[in-house]
Amino acid sequence: MSTVRAEISGIMLPTVFPSLDHALPVMWERVRNLPIREAHRDLIRICIGPGGGEGVARRLHQDGSWSITLYVGEMTDWTAHPITITTDRP
């Protein structure tokens, strides 16, 4: 797979990585200690956390992009942070 561009709106500026394997640990490090809404904490961990990324890689291979929204905060006081990963498919 070619280089990937990853961004977490309001948390991580768009950054180019040599591969998805390089991007995911950096992204996970940025979000792992945030108060992620419990309803989708496991989903975020599966997508970008340790040992994750398989579904993201498949989607990048198929479509060249993958995105999900990260919700940070408590039930009544939260902010939305879109996560976007794109690649130039060969």
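Here's a quick rundown of the structure.

**Quick look at the nonpolar core**
The nonpolar side chains of a soluble globular protein tend to be buried with one another.
(1) Moving on: With 23 residues, the main nonpolar core has Ile44, Ile48, Trp66, Ile83 and Ile85 as its most contacted residues.
(2) Moving on: Secondary structure elements with two or more residues in this core: strand E1 (4-8), strand E2 (12-17), helix H1 (20-31), helix H2 (41-48), helix H3 (54-63), strand E3 (65-74) and strand E4 (77-87).
(3) Moving on: Among the elements that take part in this core, H1 stands out by supplying six residues, more than any other.
(4) Moving on: Excluding residues within four positions of it along the chain, Ile83 makes contact with Glu7, Ile8, Met27, Ile44, Ile48, Trp66, Ser67, Ile68 and Leu70.

**Regarding the pairing of E4**
Put simply, side chains in a regular strand alternate between the two faces of the sheet.
(1) Moving on: Bridging between E1 and E4 involves five bridges; their strand directions are antiparallel. Opposite Arg5, over in E4, you have Thr86 as the bridge partner.
(2) Moving on: Two strands pair when backbone bridges link them, and E3 and E4 are joined in this way by 10 bridges, in the antiparallel orientation. Paired with Thr69 across the strands is Pro82, a residue of E4.
(3) Moving on: Between E3 and E4, which pair antiparallel one after the other, the connecting turn spans two residues.

**Considerations on the pattern of salt bridges**
Between side chains of opposite charge, pairing is possible as soon as their charged atoms come close.
(1) Moving on: Throughout the structure, instances matching the rule amount to three salt bridges.
(2) Moving on: Salt-bridge contacts for Glu54 lead to Arg58; the nearest nitrogen and oxygen are separated by 3.7 Å. Taken together, the residues span about one helical turn, with Glu54 and Arg58 both in helix H3 at a distance of four residues.
(3) Moving on: For Glu54, a relative accessible area of 61% translates into the label exposed.
(4) Moving on: In this structure, Arg59 engages Asp63 in a salt bridge whose closest nitrogen and oxygen atoms are separated by 2.8 Å. With a gap of four residues between them, Arg59 and Asp63 both fall in helix H3, about one helical turn apart.
(5) Moving on: Overall, the relative accessible area of 39% leaves Asp63 in the partly exposed class.

Calculation rules
- Residues numbered from 1 in each chain as written.
- Predicted model: local features only at pLDDT ≥ 70, side-chain atom pairs only at ≥ 80, totals over all residues.
- Heavy atoms only, no water.
- Core = buried A, V, L, I, M, F, W, Y, C linked by side-chain atoms within 4.5 Å.
- Buried < 20%, exposed > 50% of the residue type's maximum accessible area, 1.4 Å probe, protein only.
- Helix = DSSP H or I, 4+ residues; strand = E, 2+ residues; numbered from the N terminus.
- Contact = heavy atoms within 4.5 Å.
- Pairing = 2+ DSSP bridges.
- Salt bridge = Lys/Arg side-chain N within 4 Å of Asp/Glu carboxyl O.

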